[in-house]
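Observations on the three-dimensional arrangement
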Amino acid sequence: LLGLGLANGRAGSLAETAKPTKVLLAVFAHPDDETVCAGVLARAAAGGWEVKVIYATSGDAGEDVSGRKLKAVALGQEREREGTCALAALGVKRPPMHLGFGDGILAKRQQRLTDRLTKELAGLDADVILTFGPDGFTGHADHIAVGKATDEAAKKVSPSSALYHAILGRQLEGWAKAAGTAVPQGMKLPENLVTVDVQQFQAQRLASLDCHKTQWTPELRSRLKEFRRGYPFEEFIWAAGGQGALGKWVGP
């Protein structure tokens, strides 16, 4: 499948081989974005890695679908709590960092975002960094902006970190079904894709979805759970740095 690599592993063997000093950093735009690599976050936590998560915004420009009609600051605060809840469900012990940028306008703050992430990444000493690629996973402008800023920051101050982009490859059709959208015509499986097996962390992946009550309706959460059951793996492409390479996974 076009250079598809498969990274298999059991939680037990991970715990035996992974060093506690290993650091996995994930950089996202909004609380709930961790869903794109929830299984890997759970796998890393179970394997003794220190997992650090950065959210650029609080997601305060969204719509509250929980029925509580939260808006602006109140919604942002609740979404921050939901993100913390989701990470805890995945076994991540460290609370996430919130940078406080405006939701929906990251592209207009590109240089400021890059400068801030450059400052933060310089002190985190990550072995592996996960973020969005140029497609933003779903095409979201905030995702694209945070991925670009993370790429630039990592290359400047953390070249020893293996940088990976979360991507939809074999999962694309299932994701589109869950989101209620059509698969773009002519889509091909990306080359040099790395597929990470997260079957053993399905319970954590499913539990984390229930934290995002302001963002996802019960119906959508149900569809996302169905999607995760059908696709017990997550996909990435190596972008730069560290001991990584195209088609090679050096993460947990």
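Scroll up a little and you will see the structure.
Residues numbered from 1 in each chain as written. Predicted model: local features only at pLDDT ≥ 70, side-chain atom pairs only at ≥ 80, totals over all residues. Heavy atoms only, no water.

With respect to the packing of aromatic side chains
Tallied over the full model, the rule gives eight aromatic pairs. Taken together, a centroid distance of 6.1 Å and an interplanar angle of 35° make the contact between Phe28 and Tyr55 tilted. With Phe28 in strand β2 (residues 23–28) and Tyr55 in strand β3 (residues 50–57), this residue pair connects regions lying 27 residues apart in the sequence. Judged by relative accessible area, Phe28 falls into the buried class, the value being 1%. Relative accessible area serves as the criterion here: at 0%, Tyr55 is assigned to the buried category. Aromatic ring contacts, followed pair by pair, group Phe137, Trp175, Phe227, Tyr231 and Phe233 into a single cluster. One cation-aromatic arrangement involves Arg170 over Phe233; the distance from NZ or CZ to the ring centre is 4.4 Å. (Phe/Tyr/Trp six-rings, centres within 6.5 Å; stacked < 30°, edge-to-face > 60°. Helix = DSSP H or I, 4+ residues; strand = E, 2+ residues; numbered from the N terminus. Buried < 20%, exposed > 50% of the residue type's maximum accessible area, 1.4 Å probe, protein only. Lys NZ or Arg CZ within 6 Å of the ring centre and 35° of its normal.)

Section: the pattern of salt bridges
As enumerated under the stated definition, the model contains nine salt bridges in all. For Glu50, the salt bridge is made with Arg94, and the minimal N-O distance between the two is 2.4 Å. Highlighted residues: Glu50 in strand β3 and Arg94 in the loop between α3 (72–89) and β4 (97–101), separated in sequence by 44 residues. Since its relative accessible area comes to 41%, Arg94 is described here as partly exposed. Here Arg223 and Glu219 are joined by a salt bridge, their closest N and O atoms 3.1 Å apart. (Salt bridge = Lys/Arg side-chain N within 4 Å of Asp/Glu carboxyl O.)

A short note on the pairing of strand β8 (residues 233–240)
Most of β8 is tucked away, with six of its eight residues classed as buried. Here four bridges tie strand β6 (residues 162–166) to β8, and the two strands are oriented antiparallel to one another. Pairing of His165 across the sheet is with Ile237, part of β8. In this structure, strand β7 (residues 194–197) lies alongside β8, joined through four bridges in antiparallel fashion. Residue pairing in the sheet places Thr195 in a bridge with Glu235 of β8. (Pairing = 2+ DSSP bridges.)

Just distances and angles here, no functional claims.
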